[in-house]
Amino acid sequence: VQLQASGGGLVQAGGSLRLSCAASGSPFSIDVMGWHRQAPGKQRELVAHITAGGITNYVNSVKGRFTISRDNAKNTVYLQMNSLKPEDTAVYYCAVVIRGSWKYDFWGQGTQVTVSS
């Protein structure tokens, strides 16, 4: 499975961005799709994930501001980010869990999100 992320950029605090991540290769084997982020000097953290059935989960710091969704026909996962804060600045990575696996098996290349104050 190959993952191609896009949509990052520079935005002012309070603004919005939408990240996209398209899967190719063997997308029919994908179960969970997730977005992670890593800020400078910090560990990578799971921001949100969505199951094949549409169940979502978010880290507390983004609840009410970010929305994860997926289009199974397009094998694409999205992350709509609203009310962005400077602390959301990070490199955002999409990743997927293959059916039968218990970990994130494939990762995208990362896209930079920078929120200015």
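Structure first, text after, so check above.
Remember, predicted model here, so these are calculated numbers, not experimental data.

Draft legend 1. Expanded view of the nonpolar core. Residues Trp35, Phe66, Ile68, Leu79, Met81 and Tyr92 are the most contacted members of the largest nonpolar core, which totals 30 residues. Of all elements in the fold, only β1 (2-6), β3 (17-24), β4 (30-38), β5 (45-50), β7 (66-71), β8 (76-81), β9 (90-98) and β11 (111-116) reach the threshold of two or more residues within this core. A per-element tally of this core places β9 first, with five residues. Apart from the residues within four sequence positions on either side, Phe66 is in contact with Arg37, Val47, Tyr58, Leu79, Gln80, Met81, Asn82, Leu84, Asp88 and Tyr92.

Draft legend 2. A look at the environment of Ser26. Among the secondary structure elements, Ser26 is positioned in the loop between β3 and β4. For Ser26, a relative accessible area of 30% corresponds to the partly exposed category. Residues Ser26 and Ile98, 72 residues apart in the sequence, show an inter-C-alpha distance of 9.6 Å.

Draft legend 3. Representation of the state of the cysteines. Throughout the structure, instances matching the rule amount to one disulfide. With a sulfur-sulfur separation of 2.0 Å, Cys21 is cross-linked through a disulfide to Cys94. For the disulfide bridge between Cys21 and Cys94, the dihedral angle about the S-S bond is near 55°, and by the sign convention the bridge is right-handed. On the criterion of sequence distance, the pair formed by Cys21 in strand β3 and Cys94 in strand β9 is long-range, its members being 73 residues apart. Like Cys94, Cys21 is buried.

Draft legend 4. Representation of the packing of aromatic side chains within the structure. By the definition in use, this model includes one aromatic pair. Relative to Trp107, the ring of Tyr104 lies with its centre 6.0 Å away and its plane at 50°, an arrangement referred to as tilted. On the accessibility criterion, Trp107 (36% relative accessible area) is partly exposed. Above the ring of Trp107, the side-chain terminus of Arg44 is found at 4.5 Å from the ring centroid.

Rules and cut-offs
Residues numbered from 1 in each chain as written. Predicted model: local features only at pLDDT ≥ 70, side-chain atom pairs only at ≥ 80, totals over all residues. Heavy atoms only, no water. Core = buried A, V, L, I, M, F, W, Y, C linked by side-chain atoms within 4.5 Å. Buried < 20%, exposed > 50% of the residue type's maximum accessible area, 1.4 Å probe, protein only. Helix = DSSP H or I, 4+ residues; strand = E, 2+ residues; numbered from the N terminus. Contact = heavy atoms within 4.5 Å. Disulfide = S-S within 2.5 Å. Phe/Tyr/Trp six-rings, centres within 6.5 Å; stacked < 30°, edge-to-face > 60°. Lys NZ or Arg CZ within 6 Å of the ring centre and 35° of its normal.

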